[in-house]
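Inside the fold
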Amino acid sequence: MKTMSCVADLAERARRRLPAFAFGFLDGGSGEEGGLRRNRERLEAVRLMPRFCRAVDPDSSAVLFGRTYAQPFGIAPVGMGNLLWPDADFALAAQARIRDLPMVVSTVASTTIEAIAEAAPGNVWFQLYYSRRPDINRDLLRRAWDSGIRVLAVTVDVPRAGDRRRDVRNRFVLPFRPGLRFLAGVAARPAWALATLRAGSPGFPNLAPYTGDITGQTLTEFVSSQIKGDLSWNDLRGLRQDWPGKLLVKGVLAVDDAAAALDIGADGVWVSNHGGRQLDSAPAAIESLAAIRAALGDAATVVMDGGIRSGEDIARARVMGADFVFAGRAFYYGAAAGGAAGAERAADLLAADFSRTLVQLGCPSWTELDRRWLWP
Ligand SMILES: Cc1cc2nc3c(=O)[nH]c(=O)nc-3n(C[C@H](O)[C@H](O)[C@H](O)COP(=O)(O)O)c2cc1C
């Protein structure tokens, strides 16, 4: 893994190791993938002005909800992670524990809430897809709380499945249907096929106790069939009552939605366009972040994800107003590229690059990094 110089190298290695349907599921966006591209373009457009001769001893640690994390970034919730490589979720949970990062376990993760929480005690958050069935929501919250989880992110940006064209083209439906194209794709990736065969086809163990069999649906169709499509701010007000821990509303882009989230009593807003996987024409997350920070002021807790591929991107998100930053694909490209070693490499690259960026900027810490470094 030492020759992997950046996240793009990990992505390229992942592309060569995975069958097309699995890589497409991770790498792809919705529609024409404009939202996906925009996340990167707008991040790259953020310029930072370095200052020199300041003898910086960099401190990357960040405080969120009264807790200090060693790094200012965490692992965003990714459903079906073990499809990318068997035990990808555990490989990343190990990084969360070793490096003291938050890892957010998805409702549709391929590993149970309980198992991930046990693998990285004190570092795991839960991401809820709000179900149509109140009993499922209540039980998932109870399970998260009983596992020691104290931060909940409720995702609001999937009122309906995104238009995931790569999944359609690759015939990525659940359960796996061994059509010709599918088998040819798998046969061309024997290492993945063997490892996955040994581990068993990944499913949705968090939902398995409540849902029946999945038949002929794409992942997004399945997820969307579980989610309450007509979710309202009133539902979230109820969720606020039911969850005694910290609550973030994930998938917010508009300033008025950010204000509504705080109004229902959320502890913070998670700015995201779902990695460009939902509304294709949505703004880049970094653009919305700036607008939301400007509107809500410094006191509100605002975290973001979308397009983060390097430590320098993390610094860019910081100067645009983030209190904490998450990455989804960067970590799972790593796990897909090289299992546990790849997950470690992804975390290494982000941490080392962020520390180097602080030194190059002449900024002593994450805490002190702000708009003074933004140029022009
Ligand atoms: C393969 C994949 C699966 C995802 N699954 C979920 C999920 O289950 N729940 C959720 O809230 N977000 C999910 N997301 C969105 C991520 O949490 C995050 O918002 C996004 O990946 C950030 O963009 P980035 O991948 O460019 O870092 C998923 C993203 C990807 C790439």
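About the criteria used
Residues numbered from 1 in each chain as written. Predicted model: local features only at pLDDT ≥ 70, side-chain atom pairs only at ≥ 80, totals over all residues. Heavy atoms only, no water. Helix = DSSP H or I, 4+ residues; strand = E, 2+ residues; numbered from the N terminus. Rg over C-alpha atoms; globule rule 2.2 N^0.38 Å. Buried < 20%, exposed > 50% of the residue type's maximum accessible area, 1.4 Å probe, protein only. Contact = heavy atoms within 4.5 Å. Salt bridge = Lys/Arg side-chain N within 4 Å of Asp/Glu carboxyl O. Near = heavy atom within 4 Å. Polar contact = N/O pair within 3.5 Å; in protein donor to acceptor, adjacent residues only side chain to side chain. Areas by Shrake-Rupley, 256 points an atom, 1.4 Å probe, with all protein chains shown as cover. Arc of directions from axis to C-beta. Phe/Tyr/Trp six-rings, centres within 6.5 Å; stacked < 30°, edge-to-face > 60°. Lys NZ or Arg CZ within 6 Å of the ring centre and 35° of its normal. Pairing = 2+ DSSP bridges. Right-handed = clockwise from strand over helix to strand, strands pointing away.

1. Observations regarding the overall build of the chain
Looking only at helices and strands, one finds 15 helices and 14 strands in the chain. For the chain, the C-alpha radius of gyration of 20 Å lies close to 21 Å, the compact-globule estimate for 376 residues. Its C-alpha atoms give the chain principal-axis dimensions of roughly 60 × 50 × 40 Å. Scored against the burial criterion, the 376 residues of the chain give a buried share of 58%. Summarising the internal contacts of the chain: among those between residues at least 6 apart in sequence, 74% fall at separations of at least 24.

2. Regarding the pattern of salt bridges
Oppositely charged side chains can form a pair if their charged atoms are brought close together. Using the criterion set out here, one finds 23 salt bridges in the structure. As a salt-bridge pair, E32 and R165 come within 2.8 Å of each other at their nearest N and O atoms. Of this pair, E32 sits in the loop between helix 2 (20-27) and helix 3 (34-44) while R165 sits in helix 7 (residues 165-169), and the two are 133 residues apart along the sequence. The shortest N-O distance in the salt bridge between D370 and R372 comes to 2.9 Å.

3. What about unusual backbone geometry?
Along the chain, W375 connects to P376 via a cis peptide bond; the corresponding omega equals 5°. Tracing the sequence through the fold places P376 in the segment after strand 14 (374-375). Residue E33 is not a glycine yet carries a positive backbone phi of 65°. Taking relative accessible area as the criterion, E33 reaches 15% and is therefore assigned buried. A positive phi is found at D100, a non-glycine position, where the angle reads about 60°. Mapped onto the elements of the fold, D100 is located in the loop between helix 4 (88-99) and strand 5 (103-106).

4. Side note on the site of the ligand
As a structural note, the neighbourhood of the ligand is formed by 23 residues, with P77, S106, T155, D305 and G307 the closest of them. At 3.0 Å, a side-chain N or O of K250 approaches an oxygen atom of the ligand. Between the ligand and the protein, one listed contact pairs an oxygen atom with a side-chain N or O atom of D305 at 2.7 Å. Relative to its unbound accessible area of 600 Å², the ligand is 98% covered by the protein chains. Broken down by secondary-structure element, the contributors of at least two residues to the shell around the ligand are helix 2 and strand 6 (124-129).

5. Overview of the side chain of S60
On the secondary structure map, S60 appears in the loop between strand 1 (47-48) and strand 2 (62-64). The class of S60 is buried, set by a relative accessible area of 10%. Ignoring sequence-local partners within four residues, the contact set of S60 consists of A70, Q71, P72, F354, S355, L358 and W366.

6. Focus on helix 11 (residues 233-242)
Every buried residue of helix 11 is listed here: D235, L236, L239 and R240. Burial along helix 11 is one-sided: seen end-on, the buried residues are contained in an arc of 150°. Opposite the packed face of helix 11, turned more than 90 degrees from it, sit the exposed residues N234 and Q241. The inward-facing, buried residues of helix 11 abut strand 6, helix 6 (134-146), strand 7 (151-155) and strand 10 (246-252).

7. Re the packing of aromatic side chains
Tallied over the full model, the rule gives 11 aromatic pairs. Measuring from ring centre to ring centre gives 5.8 Å for F21 and W192, while their planes differ by 90°; the resulting arrangement is edge-to-face. Pair noted here: F21 is in helix 2 and W192 is in helix 9 (residues 190-199), with a separation of 171 residues, a long-range link. For the pair F21 and W192, one class covers both residues: buried. Between F324 and F326 the ring centres are 5.6 Å apart and the planes differ by 45°, which places this aromatic pair in the tilted class. The class of F324 is buried, set by a relative accessible area of 0%. Its relative accessible area of 0% is what places F326 among the buried residues. Feature note: the residues Y69, W125, W270, F324 and F326 constitute an aromatic cluster, connected by ring pairs. Above the face of the W270 ring, K250 is positioned so that its terminal group lies 5.4 Å from the ring centre.

8. Concerning the pairing of strand 13 (residues 324-327)
Both faces of strand 13 are covered, namely the face carrying F324 and F326 and the face carrying V325 and A327. Sheet analysis places strand 4 (residues 73-75) next to strand 13, joined by three bridges and oriented parallel. Paired with G74 across the two strands is F326, which belongs to strand 13. Relative to strand 13, strand 12 (residues 302-305) is paired through three bridges, and the arrangement is parallel. Residue D305 lies in a different strand from strand 13, and its bridge partner there is F326. The parallel pair strand 12 and strand 13 is bridged by helix 14 (residues 311-319), and the resulting crossover is right-handed.

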